[in-house]
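# Notes for the structure review
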Amino acid sequence: MYTVMNYFWIFVVGCFFGSILESIWCFILSGRMIKRRDLVYGYFTSMYGIAGVFITTMLDFNDDLNIGAIFLGAMVISGVIEYLTSLFLEKSFGLRFWDYTRIKPNIQGRVNLWYLIVFGVLGSIWGKYYSLLLAFISKLHGNLFIIITCLMIAFFILNFIMTGVIFYRYKKRREGEAARCHFEKWLDLKYSNRNIKGIFPAAEVVGGIIE
């Protein structure tokens, strides 16, 4: 049970620090502080959390990997997750959170070599120090830890569901479908097109912009 909880907290840490790193990178490029996230509640980018879990799993099952293997493994894992995430958001909701078409070489604008190298470096750093995080988490094990972890799991489940519902309703609004119930009316009011752009400033409609 604790092993699963440890991996969950790795996911949380990856989500949070992924958002921090992306926001800093955007500030360096644009000079503006832009909150980068892909979940409606909190400051989390789930792609980094998922990558962190997979890279940690790779390291746990192959504890004799050298730095080169970790680098390549992190590149592949991050690239696959980034590509699939981009594809899912576009096909499911008609949204795109990043577009690398101007950065060569790239694959359909969803991944590019230079950022994959960065992910490889980050994965290598993670491979060197992630055991320290696991050691810290292990010290917290106990009844309170279990309660807090269960509450956080419930929070993230709600976060994913609500984010998906908000994106789905936004897609339906673009297609001209009127709200059919009080909940959809509330979504249209609370998460209007303008509000969505405020929460997810990097999000763009495929073939257009959020108006």
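Described in the following lines is the structure provided in the data block. (Residues numbered from 1 in each chain as written. Predicted model: local features only at pLDDT ≥ 70, side-chain atom pairs only at ≥ 80, totals over all residues. Heavy atoms only, no water.)

As for its position among the elements, alanine 69 is in helix H3 (residues 67–93). The exposure class of alanine 69 is partly exposed, given its relative accessible area of 29%. Each C-alpha atom, one on alanine 69 and one on tryptophan 9, is 25 Å from the other, the two residues being 60 residues apart in sequence. (Helix = DSSP H or I, 4+ residues; strand = E, 2+ residues; numbered from the N terminus. Buried < 20%, exposed > 50% of the residue type's maximum accessible area, 1.4 Å probe, protein only.)

Let us look at the packing of helix H2 (residues 46–61) against H3. Remark: H2 packs on H3, axes separated minimally by 10 Å, with the N-to-C direction vectors making an angle of 145 degrees. Note that H2 runs across H3; the crossing there is right-handed. Contacts between H2 and H3 involve Met47, Ile50, Ala51, Phe54, Ile55, Met58 and Leu59 on the former and, on the latter, Ile70, Gly73, Ala74, Ile77, Ser78, Ile81, Glu82 and Thr85. Split into classes, the residues belonging to the contact of H2 with H3 amount to eleven nonpolar, three polar and one charged. (Axes fitted to C-alpha atoms, helices over the stretch in contact; angles between N-to-C directions. Left-handed = near helix turned anticlockwise from the far one by under 90°. Contact = heavy atoms within 4.5 Å. Nonpolar A, V, L, I, M, F, W, Y, C, P; charged D, E, K, R; others polar.)

Turning to helix H5 (residues 143–174), a few remarks are in order. Given a rise of 1.5 Å per residue, 32 residues ought to cover 46 Å, and the 47 Å separating the end C-alpha atoms of H5 matches this to within 8%. Directly beyond the C-terminal end of H5, a positive phi value near 85 degrees is found at glycine 176. (Expected span 1.5 Å × (residues − 1).)

The next thing to look at is a nonpolar patch on the surface. Residues Leu21, Leu113, Trp114, Ile117, Val118, Val121, Leu122, Ile125, Tyr129 and Leu132 make up a contiguous nonpolar surface patch of roughly 890 Å² in combined accessible area. Considering every element that reaches the nonpolar patch, the biggest residue donor is helix H4 (residues 113–139), with nine residues. Tracing the backbone shows leucine 122 in helix H4. (Patch = residues over 30% accessible without salt bridge, like charges linked within 9 Å, V, L, I, M, F, W, Y side chains within 5 Å. Areas by Shrake-Rupley, 256 points an atom, 1.4 Å probe, with all protein chains shown as cover. Salt bridge = Lys/Arg side-chain N within 4 Å of Asp/Glu carboxyl O.)

Next up on the list: the pattern of salt bridges. Enumeration over the complete set of coordinates arrives at nine salt bridges. Glutamate 22 is the partner of arginine 36 in a salt bridge, and the nearest nitrogen-oxygen pair spans 3.2 Å. Placement of the pair is arginine 36 in the loop between helix H1 (2–30) and H2 and glutamate 22 in helix H1, with a sequence separation of 14 residues. Like glutamate 22, arginine 36 is buried. In this structure, the salt-bridge partner of glutamate 177 is arginine 180, at a minimum N-O distance of 3.6 Å. You can call arginine 180 exposed: its relative accessible area is 61%. In this structure, a network of salt bridges that share partners links the residues Glu90, Arg96, Asp99 and Arg110.

As a further point, take the packing of H1 against H5. It is at 11 Å that the axes of H1 and H5 come closest, and there the two elements cross at 50 degrees. Overall, the two elements H1 and H5 adopt an arrangement that is oblique. As for how H1 packs across H5, the hand of that crossing is left-handed. Where H1 abuts H5, its residues Tyr2, Met5, Asn6, Phe8, Trp9, Phe11, Val12 and Cys15 lie against Phe145, Ile146, Ile148, Thr149, Met152, Ile153, Phe156 and Phe160. Looking at the contact of H1 with H5 residue by residue, the classes come out as 14 nonpolar, two polar and no charged. (Parallel < 35°, antiparallel > 145°, perpendicular 65-115°, else oblique.)

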